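# A closer look at the structure
One letter stands for each residue in the lines below.
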Amino acid sequence: MQPIHVCNHTTPEAIYPFDARGVAKRFRHAAIFGALDSLHPGETMRFCNDHDPLPLLAQLQARYGEGITIEYLQREPGAIVIDFTRVG
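Here we summarise the structure given alongside this text. Predicted model only: the values in this text are computed from it and were never measured. Every chain is numbered on its own, with residues counted from 1 as its sequence reads. This being a predicted model, a pLDDT of at least 70 is required before a residue's local features are given, and a value of 80 or more before pairs of side-chain atoms are given or counted; all residues contribute to the totals for chains, interfaces and linings. Side-chain descriptors were evaluated using all non-hydrogen atoms of the structure, hydrogens and water having been removed beforehand.

## Focus on the sheet that holds strand β2 (residues 44-49)
Whenever strands of a sheet pair, they do so through backbone hydrogen bonds, lying parallel or antiparallel. Across the sheet, 4 strands lie side by side as β1-β2-β4-β3; this open sheet has mixed pairing. A strand with exactly one partner marks an edge of an open sheet, and here the two such strands are β1 (15-19) and β3 (68-76). Across this sheet, the average inter-strand angle for adjacent strands is 20°, counted without regard to direction. For two strands to count as paired, DSSP must find a minimum of two bridges between them. Labels follow the DSSP assignment, with helices taken as runs of H or I lasting at least four residues and strands as runs of E lasting at least two, numbered in each case from the N terminus. Looking at chain direction, β2 and strand β4 (residues 79-86) are connected through 6 bridges and run antiparallel. Bridge pairing in β4 links Arg46 to Asp83. We call two residues in contact whenever any of their non-hydrogen atoms come within 4.5 Å of each other. Lines fitted to C-alpha atoms define the axes here, with helix axes fitted over just the stretch in contact, and angles between the N-to-C directions of these axes take values from 0 to 180 degrees. Across the sheet, helix α1 (residues 28-37) touches β1, β2, β3 and β4, and the angle it forms with β2 is around 160°.

Take a look at the structure:
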C-alpha cells in the first residue's frame, strides 16, 4: 500500500497538519496538547508520526475524554497518520 500524503497543507474542511517528526522529543506532548487546546469544535488536527503513539493516546483520552475523537488514517510501521477532531 502506498503511503498517503496528508500532512502537507490545510484543507477547506479545517484540517490542520501536525508533523510530530519535526518536533524535539522532549517538547512533543506539550506541543500536541497546545495544538489540540487551540482547536475549535469541528476542527481536526492531522497528526503524522513515525511510530504509533500509544502512550500519547492514553494521555489524550484521560485529558479530553469524549471531547476529542481519534481516527487512524494510516497505521503502518514508520508511517502513522491520525485525525484528532475536537467535538465540543
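Past the structure itself, the notes keep going.
## Description of α1
Classification of residues uses two cut-offs on accessible area relative to the type maximum, computed with a 1.4 Å probe and protein chains only: under 20% is buried, over 50% is exposed, and between them is partly exposed. If you check which residues of α1 are buried, you get Arg28, Ile32, Phe33, Ala35 and Leu36. The buried residues of α1 occupy an angular sector of 160° when the element is viewed end-on, so they sit on one face. On its buried side, α1 packs onto β1, β2, α2 (54-64), β3 and β4. Arc definition: it is the arc formed by the directions from the helix axis to the C-beta atoms.

Note that every value here comes from positions in space, so none of it alone points to a role or purpose.
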